[in-house]
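Residue-level listing of the chains:
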Amino acid sequence: MSVEGGFRDLEVQTRAQDEFEILTVRGEVDMASAPQLQAALEKAQQGGKTLVVDMTQVGFLGSAGLSALLVVSKAAPHQLRVVASREVARPIELTGLDKLLAVYGTLEAAIAAEPNAH
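Residues numbered from 1 in each chain as written. Predicted model: local features only at pLDDT ≥ 70, side-chain atom pairs only at ≥ 80, totals over all residues. Heavy atoms only, no water.

Engineer: Sorry if this is basic, but what is going on with the nonpolar core here?
Structural biologist: Within soluble globular proteins, side chains that are nonpolar generally end up buried alongside one another. Among the nonpolar cores identified, the biggest contains 26 residues, and Val 29, Leu 41, Met 55 and Ile 92 are the most heavily contacted of them. Of all the secondary structure elements, the ones that give two or more residues to this core are β2 (20-29), α1 (34-45), β3 (50-61), α2 (63-75), β4 (80-84) and α3 (86-94). Judged by nonpolar contacts, the second largest core, of 9 residues, contains Phe 20, Val 83, Leu 107 and Ala 113. (Core = buried A, V, L, I, M, F, W, Y, C linked by side-chain atoms within 4.5 Å. Buried < 20%, exposed > 50% of the residue type's maximum accessible area, 1.4 Å probe, protein only. Helix = DSSP H or I, 4+ residues; strand = E, 2+ residues; numbered from the N terminus.)

See below:
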């Protein structure tokens, strides 16, 4: 399978739901695609809503993607919630970022969580 047009391409969709801005991310987040993710995160964050990043369809999260999440989290503490697939949760846990990021197993859990609860 080629990289172009394959599952490795990053796709980010944004939608508003109540007091949340929900970003659905599909594909792989690596050095090439992380700037696209960071730009989408920063744009979504401008609305001031709690940002929920659904990464359950992400098959790979590299260090550049971790950095993008961290930058956005530091810009607005307690306003970023990450819904993680196992492939996303593992690098977050291994780097200790689960202490800084609010990580959830499902979109429903992330939305239902109390503010500042993680």
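Engineer: What am I meant to see in α1 here?
Structural biologist: Because the α-helix completes a turn every 3.6 residues, residues three or four places apart line up on one side. For α1, built from 12 residues, the straight-helix expectation of 16 Å at 1.5 Å per residue is met to within 8% by its first-to-last C-alpha distance of 16 Å. When we look at burial in α1, the residues that qualify are Ala 34, Leu 37, Ala 40, Leu 41, Ala 44 and Gln 45. Looking down the long axis of α1, one finds its buried residues gathered within 130 degrees of arc, a one-sided arrangement. Within α1, the exposed residues directed more than 90 degrees away from the buried face are Pro 35 and Lys 43. Looking at the packing, one finds that the buried side of α1 touches β1 (11-17), β2, β3 and α2. (Expected span 1.5 Å × (residues − 1). Arc of directions from axis to C-beta. Contact = heavy atoms within 4.5 Å.)

Engineer: How do you make sense of the pairing of β1 when you look at a structure like this?
Structural biologist: Note on strand geometry: in a regular strand, side chains alternate between the two faces of the sheet. In this structure, β1 lies alongside β2, joined through 7 bridges in antiparallel fashion. Bridging from a neighbouring strand, Gln 17 pairs with Phe 20 of β2. Between β1 and β2, which pair antiparallel in sequence order, lie 2 residues; one of them, Asp 18, sits at a positive phi of approximately 55 degrees. (Pairing = 2+ DSSP bridges.)

Engineer: What exactly am I supposed to notice about the sheet that holds β4 here?
Structural biologist: The strands making up a sheet associate through hydrogen bonds between their backbones, and the pairing can be parallel or antiparallel. Strand order in the open sheet made by the 5 strands is β1-β2-β3-β4-β5, with mixed pairing throughout. Strands at the two margins of the open sheet, each flanked by one partner only, are β1 and β5 (102-104). Looking at each pair of strands side by side, their axes are set apart by 20 degrees on average, direction ignored. The sheet strands contacting α1 are β1, β2 and β3, and the helix crosses β2 at an angle near 180 degrees. (Axes fitted to C-alpha atoms, helices over the stretch in contact; angles between N-to-C directions.)

Engineer: Is there a simple way to explain the side chain of Glu 21 in this structure?
Structural biologist: For Glu 21, the position within the fold is in strand β2. Summary of buried charges: Glu 21 has no salt-bridge partner, and the nearest side chain of opposite charge, Lys 49, is 4.5 Å away. Apart from the residues within four sequence positions on either side, Glu 21 is in contact with Thr 14, Arg 15, Ala 16, Ala 44, Lys 49, Thr 50, Leu 51 and Val 52. (Lys, Arg positive; Asp, Glu negative; His and termini not counted. Salt bridge = Lys/Arg side-chain N within 4 Å of Asp/Glu carboxyl O.)

Engineer: What am I meant to see in the side chain of Ser 33 here?
Structural biologist: Secondary-structure assignment places Ser 33 in the loop between β2 and α1. Note on Ser 33: relative accessible area 8%, which makes it buried. A polar atom in the side chain of Ser 33 sits 2.8 Å from the backbone oxygen of Glu 28. Setting aside its immediate chain neighbours within four residues, Ser 33 contacts Leu 10 and Glu 28. (Polar contact = N/O pair within 3.5 Å; in protein donor to acceptor, adjacent residues only side chain to side chain.)

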